[in-house]
Amino acid sequence: MPDGDRLAVAMYSPGPTPSPRGREVVICAFHGLGGHGERPYMQRVVAVGTARGCEVWTVDHRGCGQGRGLSRGIYHSGVAADLSAVFAEVRRRKPEALVIGVGFSLSANALLLCLGDGYGGPQHPPDAAIAVNPPIDLARCAELICAPAHRVFNLYFVRACVRYARQRDTDGIHPRPPARVHLRMSLKEFDDAFTAPLGGFRDRHDYYQKASALPHLSNITRPTVILHAEDDPFIDPADFQRARLGPGVHLHLERHGGHLGYVSRDLPTRRWLDYGLGHYLDQLLAGV
């Protein structure tokens, strides 16, 4: 990275099926909060992509997975510049390749920021992209996660965030005194105590405002699929319906799917998301 931090990337060779474009294709996949490249949903992207003759890069964000201990900076929803650096590295190594970004949850928001030349720009966007369940309005998303009815989700994410912060303490890589975080706090309180100050924001409100992709969606011109579920418990589908979408954006609202769930009894694997990703990869490969 330009600031000296490092991301960990695993590269998977394409399968025997040739690329339908007759041109090398590299898919860069980015995990969500608390994730890493070995998570099952990330490995299923590898399977979907390599089966179509694409090389797949799975990226561990700053301090995540195999990237633990390699970065003083942190992973948050506004790291469009980090994704941009990965895309630039692909193009440095493979100037003729078609580059497709796939992002999940927080990374999906960062991917849309990159495509819309948002926070941290100017960016190096991919040639095409799929963003799955992106929290494009972070303030609204935080309100829903912290609502009493969603306390299970708040606890789930706070546990992942506190574990991440404590690992940094253990590794001795805090650039300043460690933030005081604990499992009884809300996600909003965690963002005030940890994400905002270590991410370079004044407070959580500044973070939510600057790192939300919603105001930048109208700038997206490259072929981009936003895949979201209407019953996602903490990302309001109304955010997408009120958004001004750029000419490159296709919005797919699935009636059911929750947050990265998408289970279907009509498919042998029960994994509708794998089907959806494969379908839209085929569409992007045919049209880009």
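The text that follows walks through the structure, step by step, so that each part is easy to find. These numbers come from a predicted model, not from an experiment. (Residues numbered from 1 in each chain as written. Predicted model: local features only at pLDDT ≥ 70, side-chain atom pairs only at ≥ 80, totals over all residues. Heavy atoms only, no water.)

**Here's the deal with the overall build of the protein**
We count it as follows: By the criteria applied, helices consist of DSSP H or I runs no shorter than four residues and strands consist of E runs no shorter than two, each listed in order from the N terminus. It is over C-alpha atoms that the radius of gyration is taken, and the globule rule equals 2.2 Å times the number of residues to the power 0.38. Buried, partly exposed and exposed residues are distinguished by accessible area as a fraction of the type maximum, computed with a 1.4 Å probe on protein chains only: under 20%, between the cut-offs, and over 50%, respectively. In this analysis, two residues are considered to be in contact whenever any of their non-hydrogen atoms come within 4.5 Å of each other. Computed with a 1.4 Å probe, the accessible areas rest on the Shrake-Rupley method; for each residue, only the protein chains presented here act as cover. Note that His is not counted, nor are the chain ends; the positive residues are Lys and Arg, and the negative ones are Asp and Glu. A charge is said to be at NZ when it belongs to Lys, at CZ for Arg, at CG for Asp and at CD for Glu.
A count of helical and extended segments in the protein gives 9 helices and 7 strands. Compactness check: the protein gives a C-alpha radius of gyration of 18 Å against a globular reference of 19 Å for 288 residues, within 12% of the reference. For the protein, the spread of C-alpha atoms along the principal axes amounts to about 50 × 40 × 35 Å. Expressed as a percentage of its 288 residues, the buried residues of the protein come to 55%. Sequence separation of at least 24 residues holds for 78% of the intrachain contacts in the protein that already meet a minimum separation of 6. Total accessible area on the protein is roughly 12,800 Å²; 50% of this is exposed by carbon and sulfur atoms. Taking the 33 positively charged and 29 negatively charged side chains of the protein as two groups, their mean positions are separated by 3 Å.

**Considerations on the nonpolar core**
Where we set the bar: Note on terminology: a nonpolar core comprises buried Ala, Val, Leu, Ile, Met, Phe, Trp, Tyr and Cys residues joined through side-chain atoms within 4.5 Å.
C28, F87, L112, F190, F194 and L217 are the most contacted members of the largest nonpolar core, which has 53 residues in total. Not counting the four nearest positions on each side in its chain, L112 is found in contact with A131, P134, I136, A213, L217, I220, T224 and I226. Core analysis: the next-biggest nonpolar cluster, separate from the first, contains 28 residues, A29, V56, L227 and L285 among them.

**Some words on the pairing of strand β4 (residues 98-104)**
Counted only if it meets this: Note on pairing: DSSP must find at least two bridges between two strands before they are called paired. Orient the strands so they point away from the viewer; a crossover is then right-handed if the path from the first strand over the helix to the second runs clockwise.
Burial runs high along β4: 7 of the 7 residues are buried. The two faces of β4 match: L98, I100, V102 and F104 on one face and V99, G101 and G103 on the other face are all buried. The pairing of strand β2 (residues 25-30) with β4 spans 6 bridges and is parallel. Note that in β4 the partner of V25 across the bridge is L98. The pairing of β4 with strand β5 (residues 128-132) spans 5 bridges and is classified as parallel. In the strand pairing of β5, V102 is matched with I130. Handedness of the crossover joining β4 and β5 through helix α3 (residues 106-115): right-handed.

**Some remarks on the sheet that holds β4**
Basically, it comes down to this: Working convention: axes come from line fits to C-alpha atoms, limited for helices to the stretch in contact. Angles between N-to-C directions cover 0 to 180 degrees.
The strand order across the open sheet built from 7 strands is β1-β3-β2-β4-β5-β6-β7, with neighbouring strands paired in mixed fashion. Each edge of the sheet is formed by a strand with only one pairing partner; in this case those strands are β1 (8-12) and β7 (249-254). Averaged over neighbouring strand pairs, the angle between their axes works out to 15 degrees when direction is ignored. Sheet strands touched by helix α1 (residues 40-50): β1, β2, β3 (55-60) and β4. Its angle to β3, the strand with the most contacts, is close to 165 degrees. Each of β2, β4, β5 and β6 (224-229) is contacted by α3, which is oriented at about 140 degrees to β4, the strand it contacts most.

**Observations concerning the environment of H36**
Positionally, H36 belongs in the loop between β2 and α1. Residues contacting H36, with those up to four places away along its chain left out, are H31, M42, D60 and G65.

**What about the pattern of salt bridges?**
For the record, the criterion: By definition, a salt bridge exists where a carboxyl oxygen of Asp or Glu is found within 4 Å of a side-chain nitrogen of Lys or Arg.
Within the structure shown, the criterion is met by 19 salt bridges. In this structure, D5 engages R62 in a salt bridge whose closest nitrogen and oxygen atoms are separated by 2.6 Å. Of this pair, D5 sits in the segment before β1 while R62 sits in the loop between β3 and α2 (80-93), and the two are 57 residues apart along the sequence. Across the pair, R62 and D5 agree in class, each one buried. In this structure, D127 engages R91 in a salt bridge whose closest nitrogen and oxygen atoms are separated by 3.1 Å. With D127 in the loop between α3 and β5 and R91 in helix α2, this pair connects stretches of sequence that are 36 residues apart. Overall, D127 belongs to the buried group, its relative accessible area being 19%.

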